[in-house]
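# Fold and geometry: a report
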Amino acid sequence: MVSIPLLSTILHWNVFDKELQGVHLWRQAQTQTVIRNFAEIDRNILDPRVNNLIYEDGIKRMEFPVMQWIYSWFYDWSGGEVSASRWASFIFGLITVWAVFFLFRGLGFGKMMAALVAWCFNWSPLFYYYTLNPLPDNMCLMLTVMSMAMLAHAHRRSCNGYFIGFILLMAVASLIKIPYILLAAGGIPFMLDKLKRGHIKTAFSLFTIGLLALLPCVAWYSWVIPTWGDAGIINGIVAGGSGIMDTLSIVWQTTISLIPELFVNYGSVLFLLFGVYLFLTERKKYLPIHHAYLWVLVAFLAYYFYEINMITTVHDYYLFPFLPLLFLAVGYGLRSALKSKTFIRVLSILLLLILPLTAFLRADSRWRIEGTQALVNDDLEALKLATPENAICIVGNDLSGHILLYLLDRRGMSFSDDSLPELQMEWMVANGSEFMYSSSLKVENDPAIRPYLKELILDAGTMRVYKLIEPHKNSGSWVE
């Protein structure tokens, strides 16, 4: 187990000090902005702030921001370095890997075999990439594996204490991101067993503890979900967007591409196939814990198909709940492969050895500067110096509403798609916008926008900075 953190640190070393960049920068920038604002503005955990002032005072309540709040202390101690969030995520990742080891020990695996499964998990390219990026999903993944480990030990030892541990970890995960409440399905077989044995009081007590543990989750999301409007994540397939053929295409691409290439690692595909075969052919050997995990799988599959038009093949971190379930199959398949007395055993050892390389080759290229970030990257410091630190700015093009404001370290509003309606511009200026960062000549040359552009302060090629002025007009509101 010592080799995992050592080798992982070495392979990630050139990333720790990098500015946020790469795949899903949108969500990373939003998360890191909340972290920075907790540290620099207000640590009230109920008021997570982004820099986009389309939200009143920048307060945007989504997942319960306990991870961001914890990271803000690392940010403070580092003197405001983004590397603090990378190191914090890395630590959470190492705890997750340890939890995988603990999980398979609970499933009856020996120390060496459990360590080998943890080794495989650590080199999932998906995990390899996100383990250095600030996303709340990282903490949920850690808590998920820990809760599944607790559940395994609860069944193995018939221990109520471990089951309570499962409940509490599941409750915290669901508080951070509500889909993880579906982990509760894993507790059903344990509770049913208590009832079958006539332990009605114990079952009732555990059920009560579960309800109490989930109260914070219920309270938080009852408060904040009504503020999300018609967000696609709420409506899922009800909102439409994916026909039957589109859905089948997404499932197919996820199955033949994302799972073997990104989730598991090509080097572990053999173990995955062996594991799936064992689960399909040895159902008579299922233990109660296996039935518990099947309940979890069914619950998360229901979630997946409900949200499939939002997840598609892009939002891979939405599928974190499936990662430990996939590696259950990998673990059993690995154990079977290594017990083989044929060339399969030798091949398995070789595959275990190449996992770090295949993970690195697949994931390292994901840290790249592209899209919106490329507009400001080369001249970032000059662009920052062009406006006062506390200036409220309009930025665009930026569909995310977070990336440019994060990189420029400014508060304000954004536009996208070379479109800035006059009424929207009027509202932004009337509400305190003093400068505009623009990559859109179409917007800048719009006759309706030109009167607001008092002075060109900086032309950095891909991005220009203007001082704004408010023409004498009656301000309406473009906010619905």
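Scroll up to find the structure this text is about.
Below is a short write-up of the structure. Positions within a chain are numbered from 1, following the residues in the order the chain's sequence is written. Per-residue local features are limited, in this predicted model, to residues with pLDDT of at least 70; the limit for side-chain atom pairs, both in listing and counting, is 80 or more; totals at the level of whole chains, interfaces and linings are taken over all residues. Excluding hydrogens and water, the side-chain values take into account all heavy atoms of the structure.

This part is about the overall build of the chain. Strands here are runs of E lasting at least two residues and helices are runs of H or I lasting at least four, both read from the DSSP assignment and numbered beginning at the N terminus. For the chain, the helix and strand inventory stands at 22 helices and five strands. Considering only C-alpha atoms, the chain reaches an extent of 80 × 50 × 50 Å along its principal axes. The contact definition used throughout considers only heavy atoms, calling two residues in contact when any of these lie within 4.5 Å. Looking at the chain alone, contacts between residues at least 24 apart form 73% of all its contacts between residues at least 6 apart. Surface exposure here means Shrake-Rupley accessible area, sampled with a 1.4 Å probe, where a residue is shielded only by the protein chains that are shown. Surface accessibility of the chain: about 21,400 Å² in total, with carbon and sulfur atoms responsible for 64%.

A cavity here means a set of 1 Å grid points, computed over protein atoms only, where a 1.4 Å probe fits but cannot escape. A pocket is an open set with protein on both sides within 12 Å along at least 5 of 7 lines, and lining residues have an atom within 4 Å of a point. Grid points are joined across faces, edges and corners, and a volume is the space filled by probe spheres set on the points. Estimated volume of the second largest pocket: approximately 810 Å³. Along the walls of the second largest pocket sit 27 residues, with Ile-259, Val-276, Leu-297, Phe-322 and Leu-326 positioned nearest its centre. For the lining of the second largest pocket, the secondary structure elements donating two or more residues are helix 12 (244-264), helix 13 (269-281), helix 14 (288-306) and helix 16 (322-339). A breakdown of the residues in the lining of the second largest pocket according to their chemical character gives 23 nonpolar, three polar and one charged. Under the convention adopted here, Pro, Cys and the residues Ala, Val, Leu, Ile, Met, Phe, Trp and Tyr are nonpolar, Asp, Glu, Lys and Arg are charged, and Gly plus all remaining residues are polar.

If you check helix 10 (residues 200-224), its first and last C-alpha atoms are 36 Å apart, about what 25 residues at 1.5 Å a residue would give, namely 36 Å. Exposure is judged per residue with a 1.4 Å probe applied to protein chains only, and the accessible area is read against the type maximum: over 50% gives exposed, under 20% gives buried, and values in between give partly exposed. Of all the positions in helix 10, only Ala-203, Leu-206, Gly-210, Ala-213, Leu-214, Cys-217, Trp-220, Tyr-221 and Val-224 are classed as buried. Residues of helix 10 that are buried sit in contact with helix 8 (160-176) and helix 9 (188-196). Helix span, expected: 1.5 Å multiplied by one less than the number of residues in the helix.

A few words on a nonpolar patch on the surface. A contiguous nonpolar surface patch, about 460 Å² in accessible area, is contributed by Val-346, Ile-349, Leu-350, Leu-353 and Ile-354. Looking at the element boundaries, Val-346 is found in helix 17 (residues 343-363). Patch membership requires over 30% relative accessible area and the absence of a salt bridge. Like charges are linked within 9 Å, and nonpolar side chains (Val, Leu, Ile, Met, Phe, Trp, Tyr) within 5 Å. We define a salt bridge as a contact between a side-chain nitrogen of Lys or Arg and a carboxyl oxygen of Asp or Glu at a distance within 4 Å.

Here an axis means a line fitted to C-alpha atoms, over the contact stretch when the element is a helix, while the angle between two N-to-C directions is reported on a 0 to 180 degree scale. Following both chains from N to C, one finds helix 13 and helix 16 inclined at 95 degrees, their axes separated by 6 Å at the closest point. The orientation of helix 13 relative to helix 16 falls into the category roughly perpendicular. Mapping the contact onto sequence places Phe-271, Leu-272, Phe-274, Gly-275, Val-276, Leu-278 and Phe-279 in helix 13 and Leu-326, Leu-328, Ala-329, Val-330, Tyr-332, Gly-333, Leu-334, Ser-336 and Ala-337 in helix 16. Roughly parallel means an angle under 35 degrees; roughly antiparallel, over 145; roughly perpendicular, 65 to 115; everything else is oblique.

Looking now at the pattern of salt bridges. In this structure the tally under the stated criterion is 13 salt bridges. Across the pair Glu-261 and Arg-362 runs a salt bridge whose closest N-O atoms are separated by 2.6 Å. Pair noted here: Glu-261 is in helix 12 and Arg-362 is in helix 17, with a separation of 101 residues, a long-range link. Residue classification places Glu-261 among the partly exposed residues on the basis of a relative accessible area of 21%.

For helix 5 (residues 111-122), with twelve residues, the first-to-last C-alpha span of 16 Å sits near the 16 Å given by 1.5 Å per residue. Among all positions in helix 5, only Met-113, Ala-114, Ala-115, Val-117, Ala-118, Trp-119, Cys-120, Phe-121 and Asn-122 are buried.

A cis amide bond links Gly-396 to the next residue, Asn-397, at an omega of 5 degrees. With a phi angle near 60 degrees, Asp-57 is a residue other than glycine that sits in the positive phi range. Structurally, Asp-57 can be placed in the loop between helix 2 (25-40) and helix 3 (66-77). The backbone phi angle of Asp-418 is positive, close to 55 degrees, even though this residue is not glycine.

Moving on: the environment of Phe-74. With respect to the helices and strands, the residue Phe-74 is situated in helix 3. Since its relative accessible area comes to 29%, Phe-74 is described here as partly exposed. As for Phe-74 and Val-218, which are separated by 144 residues in sequence, their C-alpha atoms are 29 Å apart. With residues up to four places along the chain from it excluded, the contact list for Phe-74 reads Ala-84, Ala-88 and Ile-91.

Side chains of a nonpolar character, in soluble globular proteins, are inclined to be buried together. Within the largest apolar cluster, 114 residues are counted, with the highest numbers of intra-cluster contacts made by Leu-103, Phe-104, Leu-107, Phe-163, Phe-263, Phe-271 and Tyr-293. Ignoring sequence-local partners within four residues, the contact set of Leu-107 consists of Ala-152, Arg-156, Ile-289, Tyr-293, Leu-328 and Tyr-332. Only buried residues count toward a nonpolar core. Its members are Ala, Val, Leu, Ile, Met, Phe, Trp, Tyr and Cys residues joined through side-chain atoms within 4.5 Å. In this structure, Val-82, Leu-404, Tyr-437 and Met-463 belong to the second largest nonpolar core, which totals 22 residues.

Position of Ser-400 relative to the elements: it lies in the loop between strand 1 (392-396) and helix 20 (403-408). With relative accessibility at 9%, the residue Ser-400 sits in the buried group. In the analysis that follows, any N or O atom pair within 3.5 Å is treated as a polar contact, provided that within protein one partner can donate a hydrogen and the other can accept it, and provided that, for residues neighboring in sequence, both atoms belong to side chains. Engagement of the side chain of Ser-400 in a polar contact is seen with the side chain of Asp-398, the distance being 2.6 Å.

With that settled, consider the pairing of strand 3 (residues 435-438). Within a regular strand, side chains alternate between the sheet's two faces. Burial of the side chains of strand 3 extends over both faces: Phe-435 and Tyr-437 are buried on one face and Met-436 and Ser-438 on the other. As paired elements, strand 1 and strand 3 share four bridges and run parallel to each other. In the strand pairing of strand 3, Gly-396 is matched with Ser-438. Should DSSP find at least two bridges between two strands, the strands are regarded as paired.

With that settled, consider the packing of helix 1 (residues 3-12) against helix 5. At a minimum axis distance of 11 Å, the contact between helix 1 and helix 5 shows a crossing angle of 15 degrees. Judged on the interaxial angle alone, helix 5 and helix 1 are roughly parallel. In the crossing of helix 1 with helix 5, the sense of the turn from one axis to the other is right-handed. The segment helix 1 lies against helix 5, with Ser-3, Ile-4, Leu-7 and Ser-8 engaging Ala-115, Ala-118, Trp-119 and Asn-122. In the contact of helix 1 with helix 5, the residues fall into five nonpolar, three polar and no charged. A crossing counts as left-handed when the near helix is turned anticlockwise from the far one by less than a right angle, and as right-handed when that turn is clockwise.

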